[in-house]
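Tertiary structure, described
One letter stands for each residue in the lines below.
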Amino acid sequence: MDVKIEQSWKEALEDEFEKPYFEDLVRFLHQEKAQGNTVYPPGKQIFRAFELTPVSSVKVVILGQDPYHGYGQAMGLSFSVPDGVPAPPSLKRIFREIQDDLGITMSGRPNLENWARQGVLLLNSILTVRAGEPTSHSKIGWTTFTDAVIRYISDNLDGIVFLLWGGYAKSKKALIDTSRHHVLEAAHPSPLARDAFFGCRHFSKTNAILIQEGKTPIDWQL
């Protein structure tokens, strides 16, 4: 099966692509299309996070849960939407925390590709969704695949900063070797968490860790 994914990730995860669950997953997505269901993000963007952040580039992982299910929003990067699309509430609150934490002014541009190109793997645990139906693809096998991604990073890289926001993301901590990596936990930036996310200072803390690790810090300003 020819999976359209960046080469270093394709090699790292080649065993996953041959497993029955992944073949079932691909078959399910083909059936969705055949039945006339709209799936987000578009097919060419499903693995966009991997394309922009090859294995050797990964310095930070920001874990999301589910792609946006509205028209034109999902683009294969957790929390990000394309230019010209209004920033969703969680992303607006992420920008507010960056401004408060680092004392910089964010443009409000909602496209996070620049972070991805600097080594921030913007990984959703579930990589597709049916239009208008949040978490509709939560049980088709994506979590098995993305858990394998997290384990691969944990086992094969060093000094990665994992940002786990909210209960769902925090549940993935068990997959991470905390003796080799750094885990920062906070409430989810969603308004549903009220103001609990604010004050986490994860962006300055991440950069301090990266400098300590001898790595280039992230320019969070967009």
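Keep in mind that this is a model prediction, so the values were computed, not measured. (Residues numbered from 1 in each chain as written. Predicted model: local features only at pLDDT ≥ 70, side-chain atom pairs only at ≥ 80, totals over all residues. Heavy atoms only, no water.)

1. Concerning the packing of helix α5 (residues 89–102) against helix α9 (residues 202–212)
- In contact at an axis separation of 8 Å, α5 and α9 are set at 60° when each is read in the N-to-C sense. Our classification of the angle between α5 and α9 gives oblique. Judged by residue contacts, Ile-94, Glu-97, Ile-98, Asp-101 and Leu-102 of α5 engage His-202, Phe-203 and Ser-204 from α9.
- For the contact of α5 with α9, the per-class residue count stands at 4 nonpolar, 2 polar and 2 charged. (Axes fitted to C-alpha atoms, helices over the stretch in contact; angles between N-to-C directions. Helix = DSSP H or I, 4+ residues; strand = E, 2+ residues; numbered from the N terminus. Parallel < 35°, antiparallel > 145°, perpendicular 65-115°, else oblique. Contact = heavy atoms within 4.5 Å. Nonpolar A, V, L, I, M, F, W, Y, C, P; charged D, E, K, R; others polar.)

2. Describing empty space enclosed by the protein
- A complete count under the given rule lists 1 cavity of 30 Å³ or more for this structure.
- Estimated volume of the largest cavity: approximately 30 Å³.
- Around the largest cavity, the lining residues are Val-61, Leu-63, Ile-150, Phe-162, Leu-164, Lys-172 and Ile-176.
- Its residues assigned to classes, the lining of the largest cavity comprises 6 nonpolar, no polar and 1 charged. (1 Å grid on protein atoms, 1.4 Å probe; cavity = no way out; pocket = protein on both sides within 12 Å on 5 of 7 lines; lining within 4 Å. Points joined across faces, edges and corners; volume = space filled by probe spheres on them.)

3. Here we look at the pattern of salt bridges
- All told, the structure shown has 13 salt bridges when counted by the stated rule.
- In this structure, Arg-180 engages Asp-158 in a salt bridge whose closest nitrogen and oxygen atoms are separated by 3.0 Å. With a gap of 22 residues between them, Arg-180 in the loop between α8 (166–170) and β6 (182–186) and Asp-158 in the loop between α7 (142–156) and β5 (161–165) connect regions that are remote in the sequence.
- Residue classification places Arg-180 among the partly exposed residues on the basis of a relative accessible area of 29%.
- Between Glu-185 and Lys-173 there is a salt bridge, with the nearest N and O atoms lying 3.0 Å from each other. With a gap of 12 residues between them, Glu-185 in strand β6 and Lys-173 in the loop between α8 and β6 connect regions that are remote in the sequence.
- Given the relative accessible area of 36%, Glu-185 is considered partly exposed.
- When its relative accessible area of 33% is taken as the criterion, Lys-173 is described as partly exposed.
- Counted as one network, the salt bridges with shared partners bring together Arg-48, Glu-51, Glu-113 and Arg-117. (Salt bridge = Lys/Arg side-chain N within 4 Å of Asp/Glu carboxyl O. Buried < 20%, exposed > 50% of the residue type's maximum accessible area, 1.4 Å probe, protein only.)

4. So, the packing of aromatic side chains
- Considering all chains together, one arrives at 18 aromatic pairs under this definition.
- Ring centres of Phe-47 and Trp-142 lie 6.0 Å apart, and the angle between their planes is 75°; on these two criteria the pair is classed as edge-to-face. Residue Phe-47 is found in the loop between β1 (39–40) and α4 (48–52), and its partner Trp-142 is found in helix α7; the two are separated by 95 residues along the sequence.
- Judged by its relative accessible area of 11%, Phe-47 falls in the buried class.
- With centroids separated by 5.1 Å and ring planes inclined at 75°, the aromatic side chains of Trp-165 and Phe-197 adopt a geometry described as edge-to-face. Highlighted residues: Trp-165 in strand β5 and Phe-197 in the loop between β6 and α9, separated in sequence by 32 residues.
- Using a relative accessible area of 1% as the deciding quantity, one classes Phe-197 as buried.
- An aromatic cluster is built from Trp-9, Phe-17, Tyr-21, Phe-22, Phe-47, Phe-50, Trp-142, Phe-145 and Tyr-152, whose rings are joined through pairwise contacts.
- The ring of Phe-198 is capped by Arg-96, whose NZ or CZ atom sits 3.9 Å from the centre of that ring. (Phe/Tyr/Trp six-rings, centres within 6.5 Å; stacked < 30°, edge-to-face > 60°. Lys NZ or Arg CZ within 6 Å of the ring centre and 35° of its normal.)

5. With respect to α9
- Among the residues making up α9, those that are buried are His-202, Phe-203, Ser-204, Thr-206, Asn-207, Ile-209 and Leu-210.
- At the exit of α9 stands Gly-214, carrying a positive phi of roughly 80°.

6. Digging into unusual backbone geometry
- For the peptide bond that leads from Tyr-40 to Pro-41, omega is -5°, which places it in the cis range.
- With respect to the element layout, Pro-41 can be found in the loop between β1 and α4.
- Positive phi is not limited to glycine here, since Arg-194 has a value of about 55°.
- Classification of Arg-194 as exposed rests on a relative accessible area of 67%.
- Backbone geometry places Arg-201, a non-glycine residue, at a positive phi of 55°.
- Mapped onto the secondary structure, Arg-201 falls in the loop between β6 and α9.
- With a relative accessible area of 39%, Arg-201 lands in the partly exposed category.

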